[in-house]
Amino acid sequence: MAIKLYDAVPSSNSDRVKIALNEKGLAYDRVTLNLAKKEQKKPEFLRLNPYGKVPVIDDGGQVLFESCIINEYLDEKYPNPPLMPKDPYLRGRGRILVDYGMNHLHESYWAVRTEIMKKEAERNASVMDESRRTLRELLRYLEDALGDKPYFLGEFSLTDIDLWPRFGRMEDYGVLPAASLPRLSAWVARMKARPSVKSLGT
Ligand SMILES: N[C@@H](CCC(=O)N[C@@H](CS)C(=O)NCC(=O)O)C(=O)O
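Values in this document were obtained by computation on a predicted structure and should not be read as measured data.

> Whenever I open this one, the domain arrangement of the protein chain confuses me. Can you help?
Often, the extent of an interface is quoted as the loss of accessible area on bringing the components together. We note that the domain assignment places domain 1 (3-77) and domain 2 (88-194) within the protein chain. Relative to domain 2, the C-alpha centre of domain 1 lies at a distance of 23 Å. Contacts between domain 1 and domain 2 engage ten residues on the former and eleven residues on the latter. At the boundary of domain 1 with domain 2, total buried surface from both sides reaches about 1,000 Å², with 59% on carbon and sulfur atoms. Where domain 1 touches domain 2, the interface holds two salt bridges. With its nearest N and O atoms 2.9 Å apart, the salt bridge here joins Glu 72 to Arg 95.

> What should I look at first to understand the packing of helix 7 (residues 158-172) against helix 8 (residues 182-192) in this one?
For any two helices packed against each other, the geometry comes down to the angle between their axes and how far apart the axes lie. The interhelical angle for the contact between helix 7 and helix 8, taken along N-to-C directions, is 105 degrees, at an axis separation of 10 Å. In terms of orientation, helix 7 and helix 8 fall into the roughly perpendicular class. The residues of helix 8 that touch helix 7, namely those facing Asp 160, Ile 161, Leu 163, Trp 164, Phe 167 and Glu 171, are Leu 184, Trp 187, Val 188, Met 191 and Lys 192. Across the contact of helix 7 with helix 8, the residue classes break down as eight nonpolar, no polar and three charged.

> Explain helix 7 here, please?
Three- or four-residue spacings in an α-helix give side chains the same orientation, since the helix completes a turn every 3.6 residues. The largest bend in helix 7 amounts to roughly 50 degrees and is located at Trp 164, with the proline Pro 165 lying one to four residues further along. Counting buried residues in helix 7 gives twelve out of 15 residues, a clear majority hidden from the surface. For helix 7, the set of buried residues is Leu 158, Thr 159, Asp 160, Ile 161, Asp 162, Leu 163, Trp 164, Pro 165, Arg 166, Phe 167, Arg 169 and Met 170. A positive backbone phi angle near 75 degrees is found at Gly 174, which sits one or two residues after helix 7.

> Honestly, the packing of aromatic side chains in this entry has me stumped. Any pointers?
Here the distance between the centres and the angle between the planes together describe a pair of aromatic rings. Tallying each qualifying case throughout the model produces nine aromatic pairs. On the basis of an interplanar angle of 80 degrees and a centroid distance of 5.2 Å, the ring pair of Tyr 151 and Phe 156 is categorised as edge-to-face. The residues Tyr 151 and Phe 156 share a single accessibility class, namely buried. An angle of 85 degrees between the planes, with centres 5.1 Å apart, marks the rings of Phe 167 and Trp 187 as edge-to-face. Highlighted residues: Phe 167 in helix 7 and Trp 187 in helix 8, separated in sequence by 20 residues. On the basis of relative accessibility, which here comes to 0%, the residue Trp 187 falls in the buried class. Every member of this aromatic cluster is reached through a ring pair, and the members are Phe 152, Trp 164, Phe 167 and Trp 187.

> Is there a simple way to think about the site of the ligand in this case?
Around the ligand, a shell composed of Ser 11, Ser 12, Asn 13, Leu 35, Gln 40, Lys 41, Gly 52, Lys 53, Val 54, Pro 55, Glu 66 and Ser 67 is seen. In this structure, Lys 53 approaches the ligand through a side-chain N or O atom, which is 2.8 Å from an oxygen atom. Here the ligand loses 76% of its free accessible area of 510 Å² to cover by the protein chains. Here the shell around the ligand is composed, by residue class, of three nonpolar, six polar and three charged.

> Explain the environment of Ser 67 here, please?
Mapped onto the elements of the fold, Ser 67 is located in helix 3 (residues 67-77). Classification of Ser 67 by relative accessible area gives buried; the value is 5%. Separated by 54 residues in sequence, Ser 67 and Asn 13 place their C-alpha atoms 6.0 Å apart. Leaving out residues up to four positions away in the same chain, Ser 67 has contacts with Asn 13, Arg 16, Val 17 and Pro 55.

Calculation criteria
- Residues numbered from 1 in each chain as written.
- Predicted model: local features only at pLDDT ≥ 70, side-chain atom pairs only at ≥ 80, totals over all residues.
- Heavy atoms only, no water.
- Domains from an automatic or database assignment.
- Contact = heavy atoms within 4.5 Å.
- Buried area = accessible area lost by both parts, 1.4 Å probe.
- Salt bridge = Lys/Arg side-chain N within 4 Å of Asp/Glu carboxyl O.
- Axes fitted to C-alpha atoms, helices over the stretch in contact; angles between N-to-C directions.
- Helix = DSSP H or I, 4+ residues; strand = E, 2+ residues; numbered from the N terminus.
- Parallel < 35°, antiparallel > 145°, perpendicular 65-115°, else oblique.
- Nonpolar A, V, L, I, M, F, W, Y, C, P; charged D, E, K, R; others polar.
- Bend = angle between axes of the 7 residues up to and from the residue.
- Buried < 20%, exposed > 50% of the residue type's maximum accessible area, 1.4 Å probe, protein only.
- Phe/Tyr/Trp six-rings, centres within 6.5 Å; stacked < 30°, edge-to-face > 60°.
- Near = heavy atom within 4 Å.
- Polar contact = N/O pair within 3.5 Å; in protein donor to acceptor, adjacent residues only side chain to side chain.
- Areas by Shrake-Rupley, 256 points an atom, 1.4 Å probe, with all protein chains shown as cover.

Given below as structure tokens:
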């Protein structure tokens, strides 16, 4: 039985899981929710995920939510190809980088996103510039963490997948590519070229 994925369009958190499924070559059936119609808050969906958010997977009756936790499950349940290094330090390091990308960047990422989501005429150019600048400053840590490696932990891993969805959008938001962040900019191009990311579509 194929894995069932509850997603939405657009949904960067669902994209995170789709990339992992694609990298593993796992077939999945989508159940796409309309978030604007609050389908994620209906009692039948809240029984699957009390947070009322996508993504959720149902793997043969076993239900999980939270995209990064789902991806860890997928990597453990379907170990080929492996998407986490064996080395405990690297595994810890990868989780820290994801935490940084999700939590530490959160406020400045949302400051940019909030301006971009406004109608063009309503955007405040100086707020936008300032938010982009703050976000780029915070990205410096990830630029240094990447170093000269192609991927954050050396080999491609869940760390790259889990970080990716926000970075995909940062290009649309005019944050990347940036001359001050050449390694991250090259990593974005590398990620976009992967078939698992290319095939995301809608
Ligand atoms: N931490 C969660 C976040 C999930 C999330 O915020 N999903 C969004 C779509 S990208 C959602 O369902 N939003 C609808 C809502 O909050 O009502 C994860 O990583 O899965």
